[in-house]
Amino acid sequence: MIKSILIFNNHGKPRLIRFYQYFAEDMQQQIIRETFHLVSKRDDNVCNFLEGGSLIGGSDYKLIYRHYATLYFVFCVDSSESELGILDLIQVFVETLDKCFENVCELDLIFHMDKVHYILQEVVMGGMVLETNMNDIVAQVELQNRMEKSEGGLSAAPARAVSAVKNMNLPEMPRNINIGDINIKVPSLSPF
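Residues numbered from 1 in each chain as written. Predicted model: local features only at pLDDT ≥ 70, side-chain atom pairs only at ≥ 80, totals over all residues. Heavy atoms only, no water.

Visitor: Tell me about the pattern of salt bridges, and name the residues and values.
Guide: Between side chains of opposite charge, a pair can form as their charged atoms come close. Scanning all chains against the criterion turns up two salt bridges. A salt bridge links Glu-106 to Arg-15; the shortest N-O distance between them is 2.7 Å. Taken together, the residues span a long stretch of sequence, with Glu-106 in helix 3 (residues 106-111) and Arg-15 in strand 2 (residues 14-19) at a distance of 91 residues. Given the relative accessible area of 16%, Glu-106 is considered buried. On the accessibility criterion, Arg-15 (19% relative accessible area) is buried. A salt bridge links Glu-83 to Lys-62, with the nearest nitrogen and oxygen atoms 3.2 Å apart. In this pair, Glu-83 sits in helix 2 (residues 83-101) while Lys-62 sits in strand 4 (residues 61-68), placing the two residues 21 residues apart along the sequence. Residue Lys-62 is classed as buried on the basis of its relative accessible area, which comes to 13%. (Salt bridge = Lys/Arg side-chain N within 4 Å of Asp/Glu carboxyl O. Helix = DSSP H or I, 4+ residues; strand = E, 2+ residues; numbered from the N terminus. Buried < 20%, exposed > 50% of the residue type's maximum accessible area, 1.4 Å probe, protein only.)

Visitor: Explain the nonpolar core to me, using residue names and the numbers behind them.
Guide: In this structure, Ile-2 and Phe-93 are the most contacted members of the largest nonpolar core, which totals 30 residues. Elements supplying a minimum of two residues to this core: strand 1 (2-9), strand 5 (71-78), helix 2, helix 4 (113-123) and helix 5 (134-151). In terms of residue count, the dominant contributor to this core is helix 2 (10 residues). (Core = buried A, V, L, I, M, F, W, Y, C linked by side-chain atoms within 4.5 Å.)

Visitor: Go over the packing of aromatic side chains, please, and point to the residues and values.
Guide: Counted under the stated rule, the structure contains six aromatic pairs. Relative to Phe-73, the ring of Tyr-68 has its centre 5.7 Å away and its plane inclined at 80°; by these criteria the two rings are edge-to-face. By relative accessible area, Tyr-68 is classed as partly exposed at 21%. Note on Phe-73: relative accessible area 3%, which makes it buried. (Phe/Tyr/Trp six-rings, centres within 6.5 Å; stacked < 30°, edge-to-face > 60°.)

Just geometry here; none of it tells us what the structure is for.
Set out below in structure tokens:
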């Protein structure tokens, strides 16, 4: 089972953090620091698997990582997971990000965090691998994008409200509104 997914840059700044096992926030920060120190000091020509740090479970857990340009993608898994399978999963995740963002970079992870989390949830949820077919993942992301565009998002809500009011076919503006005992006089408003 996947215990956590950590993505950080060459300087140790976290860009995506997802824990599938509860840790207090200060413990999470220690795990991130320890993981960065374990992974960053390794040469590029050595194996991409190492035993988990003392904070995350020691020898019962493995850190499986890939270093792409300025980002480290680190998956912490228990002993039941295949190292090569997780390396392949990292590759699928990165290639999916690359397809969705067209040459993904660190800034994409910063400015499109919601979309990155959505892509990650298509791949892994609750520490279990859901999907490894990149085309299926990209299709779901494109479907989500189409739904967001058709709804117009929250930023388009005021414009839609004004448009709806303009399109109301009222013969004339009401001057008085009577609701039970309440009488409201409507001031003269200029037309839209």
